[in-house]
Every structure is written in C-alpha cells, then in structure tokens.
Amino acid sequence: MNVNTADVIIVGAGIAGCSTAYYLRKKGLSCILLEEEMIGHGGSSRNGGYARQSGRDEREIGLAIFATQHIWPNLSEELGVNVEYHQSGYLVCGYDDAHLAGIKNRIKVAEKYGLEMQLKVGDEIKEICPHVSDHVTCAGWTPSDATANPLTATLGFYKRARELGARFITGEKVSKIGKNKGRARQVVTSRGTVYEGDKLSSRLGTAAEPLSIPSASTFRYIKGWSTSLSPKPPRRFCNV
Amino acid sequence: MSEYQDRSADIGKFIVQPDDDLIICRCEEITKGEIRQAVHLGMWTMTEVKRFLRPCMGLCQGQTCSKHVKNIIARELGINPSKLVELSVRPPVRPIEMHIFGNEVETK
C-alpha cells in the first residue's frame, strides 16, 4: 500500500482540521492531514476565542449548543491540555434602535433552539458588567456562552490526534484536487506528491478561496462549522 | 509556505536530562524540560511552542529567551537552528505602561 494513502485526507490544520483528525482517529479511521504553513496558522490563532452559541447563523446554533454542552466542558481533560474554557456568559451591546432590533432578533432565534438569552436594558447591563460604557442602552445576555483559548485548543487537538496516530504533514501546499473513478479522491500538492483517500475533507476556513477546484459540479459545497457562516457561501468543497 | 515536515517522523524518545529544571523563559517561568517535552508532543516550530507553553509571551516579549528556546527546539529535532523560523516581532517592542497610553490626546 502506498504510504500516502488513508481513509480520509484532510486539508488544513486549524482547529477544524485537527479536531476532525482527532475524532476520526477515535473512530479508528486513518487520516493524513495536509497543511501549507503550520498547525493553527490561520483563523484558529487569530480570533477572540468566543465559544458562543448566540448570534450565529441558524444552521450553526444546534452544533454550537451541542459543543457547549458535550464537548467544551471536558475538553481540557480529554486532550490533556488546558484549553482555558470559562463559561463566563456573553453580552452583546448596542446603543440605537437598529442594534435593539438586531438583539431582539437574536433572542427570537435563540428561543427557537431552546437557548437562554435575555434582553437587558439600562442599569441591568451595569449589573452584569459594571465597566460597560454609558452609551450602551441595550444588550443581549447569554449566560451559558463561554470563552476558550483557541491556541491551546487547536494544538491540543493536534497533540491528541498525533498521539492517536493521525499523520500530519506541514509545508504541503495543495494545488489540485484529482479524481479517481469519477470521485474526488486525490490531493495533489505543489511538490508533486499525490495523496489519495477514500474521502476528502476540506477544513480550509478562511484560506478556502484560492484553492482551484477542477469542476465545481462534482462537489457538494458545504460550509465549515468552525467559522462563521456568511450569507454568501465561500468556495469550499467536501464530499464527506 | 513553510518547509516540508512530516510530523510523524521519528525524533527519538524524550530522555530526561539533569538540567531540565532550568528556567529558560523567566517571565512565564518555563523550564527547559517543558520545552523539550513540547517538541516531543509535536510542537516543531517556534510559534507552536510559544502558543502551547507561552515562552516569549511575557513582559520581555522573548528578548531574553527566544534564542535559547530556538536552540533547544533545534537540538531536540536534530536540525540547524537557522532552519527554524523566528517569531513575529510585534510592536511595542518594549513594554509600555498603560498610563502612557491613557494620556493619549485625540487630535483632529
């Protein structure tokens, strides 16, 4: 068997790629993870670390609630790395009618999914955060939202996945997706190496745009759950 | 694009050394042993070690320890230190007290 073959080839070693590798290895599937730069180079190390459920695209909320209840609380113990998870609550502030309408809309969406989110006005906001600016007139408060350290979380997933036998290759730039028997199975890198898997998984996040995909119609486009969903879907592919 | 590295390549086992208790990063109190251990856990670049353990993230921003950290990683990987990419330097290069920022006057 070729050494560059695995059940799943994952492209991108951010938190999405590393966690995909970790959960695949837990299920006993082999995987090779290709990364152009280093582990957690892109969005995974350039974010505020909010593990929040509110204010997301509706398609993400269910996943975010699941993660908050079942993944994040025990993640430090599971990975053996302190991911600095604190369920400190999340306060989204506004100061005009447009913001108020936006917050009310968020609360409506949150209620639909059984997520507790309250509207706070005036002094109620200062009770939660005494240092908030006087300009703030309305706020949405989600007590179960949290923060975590994105750097250690990403590297923690990487560390555990590597311990479990996932193969990580950094400095491999994916230049092309190739087909075998009519299905996307191959990943060709700029060094000319071909990696072949039964499935391909794109975890490119913000770096998805420049990757040229031979024929868009052969892929079912999905949106990565680790990044915020935008109304205009980014170019991302997956046939998992 | 960074250099090709197969992170599953064998770099040997972690062997305890007598000076593993030596503090390398004084600001964040990270020892030589901890840095060496991190390399064996897969942190093969300076940035990954920094993000994993926080050396070079304290008050001196790596001015004291970044060279030592680099040498320890390189020795553990068995490569030349010049192969390792330096950490990004982010201003202010020297720490500035908050009251200096606080006195900032807005000009139009």
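Keep in mind the model is a prediction, meaning the values are calculated, not measured.

Draft legend 1. Inspection of the sheet that holds strand E5 (residues 118–121) of chain A at higher detail. All names here are of chain A. Taken together, the three strands give an open sheet; going across it, the order is E4-E6-E5, and neighbouring strands pair in antiparallel fashion. Both edges of this open sheet fall to strand E4 (90–94) and E5, since each of them pairs with a single strand only. When the angles between neighbouring strand axes are averaged without regard to direction, this sheet yields 25°. Where E5 meets strand E6 (residues 138–142), four bridges bridge the pair, whose relative direction is antiparallel. Opposite Leu119, over in E6, you have Gly140 as the bridge partner. On the sheet, helix H4 (residues 97–112) packs against E4, E5 and E6 and is oriented at approximately 150° with respect to E4.

Draft legend 2. Helix H2 (residues 58–71) of chain A, seen in detail. Residue and element names in this part refer to chain A. Taking 1.5 Å of rise per residue, 14 residues should cover 20 Å, and H2 covers 20 Å from first to last C-alpha, within 8% of that figure. Of the positions making up H2, those classed as buried are Glu60, Ile61, Ala64, Ile65, Ala67 and Thr68. One side of H2 carries all its buried residues, which in axial view fall inside an arc of 160°. Exposed residues lying more than 90 degrees from the buried face of H2 are Arg59 and Gln69. Buried-residue contacts for H2 involve H4.

Draft legend 3. Inspection of the interface of chain A and chain B at higher detail. At the interface, 26 residues of chain A touch 19 residues of chain B. For the pair chain A and chain B, the summed buried area comes to about 1,900 Å², and 54% of that belongs to carbon and sulfur atoms. Among the residues of chain A in contact with chain B, A:Met38, A:Leu155 and A:Arg162 are the three that bury the most area, contributing 28% of the side total. A:Arg167 is paired through a salt bridge with B:Asp6; the nearest N and O atoms lie 3.1 Å apart. Taken together, the elements giving at least two residues each to the side of chain A that touches chain B come down to helix H6 (150–163) and strand E8 (167–170) of chain A. The element contributing the most residues to the side of chain A that touches chain B is H6(A), with seven residues.

Draft legend 4. The arrangement of a nonpolar patch on the surface in detail. Side chains of B:Ile96, B:Met98, B:Ile100 and B:Phe101 sit close together on the surface and give an oily, nonpolar patch of about 420 Å² of accessible area. Mapping B:Ile100 onto the fold places it in helix H4 (residues 98–102).

Draft legend 5. The arrangement of the pattern of salt bridges in detail. This model, assessed by the stated rule, comprises 17 salt bridges over all chains. With a closest N to O distance of 2.8 Å, B:Arg7 and B:Glu48 form a salt bridge. In this pair, B:Arg7 sits in the loop between strand E1 (5–6) and strand E2 (23–25) while B:Glu48 sits in helix H2 (residues 46–53), placing the two residues 41 residues apart along the sequence. For B:Arg7, a relative accessible area of 0% corresponds to the buried category. B:Glu48 sits in the buried class, given a relative accessible area of 0%. Where salt bridges share partners, they join A:Lys159, A:Arg160 and A:Glu163 into one cluster.

Conventions used here
Residues numbered from 1 in each chain as written. Chains lettered and ligands numbered in written order. Predicted model: local features only at pLDDT ≥ 70, side-chain atom pairs only at ≥ 80, totals over all residues. Heavy atoms only, no water. Pairing = 2+ DSSP bridges. Helix = DSSP H or I, 4+ residues; strand = E, 2+ residues; numbered from the N terminus. Axes fitted to C-alpha atoms, helices over the stretch in contact; angles between N-to-C directions. Contact = heavy atoms within 4.5 Å. Expected span 1.5 Å × (residues − 1). Buried < 20%, exposed > 50% of the residue type's maximum accessible area, 1.4 Å probe, protein only. Arc of directions from axis to C-beta. Buried area = accessible area lost by both parts, 1.4 Å probe. Salt bridge = Lys/Arg side-chain N within 4 Å of Asp/Glu carboxyl O. Patch = residues over 30% accessible without salt bridge, like charges linked within 9 Å, V, L, I, M, F, W, Y side chains within 5 Å. Areas by Shrake-Rupley, 256 points an atom, 1.4 Å probe, with all protein chains shown as cover.

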